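Residue-level structural notes
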Amino acid sequence: MVKNNRIQILHSDWCKGCGLCIEVCPVDVLALQHEKIMIKNLEKCISCKNCEFICPDFVLRVVDK
Ligand code: SF4
Ligand code: SF4
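Residues numbered from 1 in each chain as written. Chains lettered and ligands numbered in written order. Predicted model: local features only at pLDDT ≥ 70, side-chain atom pairs only at ≥ 80, totals over all residues.

**Digging into the overall build of the chain**
On a plain count of helices and strands, the chain comes out with 2 helices and 4 strands. Each helix (α) and strand (β) of the chain, taken in turn from the N terminus, gives the series β-α-β-β-α-β. The C-alpha radius of gyration computed for the chain amounts to 11 Å, which stays within 12% of the reference 11 Å derived for 65 residues, consistent with globular compactness. Each principal axis of the C-alpha distribution contributes one length, and for the chain these read about 35 × 20 × 15 Å. (Helix = DSSP H or I, 4+ residues; strand = E, 2+ residues; numbered from the N terminus. Rg over C-alpha atoms; globule rule 2.2 N^0.38 Å.)

**Description of the confidence of the model for the chain**
Looking at the chain as a whole, its pLDDT mean stands at 92, while 92% of the residues score no less than 70. Across the chain, the secondary-structure element scoring lowest on mean pLDDT is strand S1 (residues 5–9), at 88, and the one scoring highest is helix H1 (residues 20–24), at 98. (pLDDT = per-residue confidence, 0-100.)

**Some remarks on the pairing of strand S2 (residues 30–33)**
When S2 meets strand S3 (residues 36–39), the two strands line up antiparallel, connected through 4 bridges. Residue pairing in the sheet places Ala31 in a bridge with Met38 of S3. Between the antiparallel neighbours S2 and S3 lie 2 residues, among them His34 with a positive phi of about 55 degrees. (Pairing = 2+ DSSP bridges.)

**Here we look at the site of ligand 1**
Taken together, 14 residues sit near ligand 1, with Cys25, Val29, Cys45, Cys48 and Cys51 positioned nearest. Of the residues contributing to the shell around ligand 1, the split by class is 11 nonpolar, 2 polar and 1 charged. (Near = placed C-beta within 6 Å. Nonpolar A, V, L, I, M, F, W, Y, C, P; charged D, E, K, R; others polar.)

**Re unusual backbone geometry**
In this structure, Ser47 is a non-glycine residue whose phi angle is positive, near 60 degrees. The residue Ser47 is located in the loop between S3 and helix H2 (50–54) in this model. C-beta crowding within 10 Å serves as the criterion here: with 14 such atoms nearby, Ser47 is assigned to the partly exposed category. Located in the positive-phi region is Lys49, a residue other than glycine, with phi close to 75 degrees. Following the sequence through the fold, Lys49 ends up in the loop between S3 and H2. (Buried ≥ 20, exposed ≤ 12 C-beta atoms within 10 Å, placed from the backbone.)

**Structural notes on the environment of Asn41**
Note that Asn41 resides in the loop between S3 and H2. Separated by 10 residues in the primary sequence, Asn41 and Ala31 place their C-alpha atoms 9.1 Å from one another. Not counting chain neighbours up to four residues away, the residues in contact with Asn41 comprise Asp28 and Val29. (Contact = placed C-beta atoms within 7 Å.)

Spelled out as structure tokens, the structure:
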């Protein structure tokens, strides 16, 4: 499968560490570090956008590579 898009953290300083995005990611891409979101497995991302849609603080976005 060709993957043209990937999740990016656009505004890590806006993250409040709620963990919602981690719960909805089906392939375990995201993690918290010091209560801020981080990407631990970028290559696993399937660009489903679950995390982008659920984040209440507009921290994450799936963008073109
Ligand atoms: S786009 Fe989907 S697969 Fe990628 S990090 Fe977000 S929830 Fe996980
Ligand atoms: S849903 Fe948004 S605010 Fe909550 S942990 Fe994820 S990136 Fe941070």
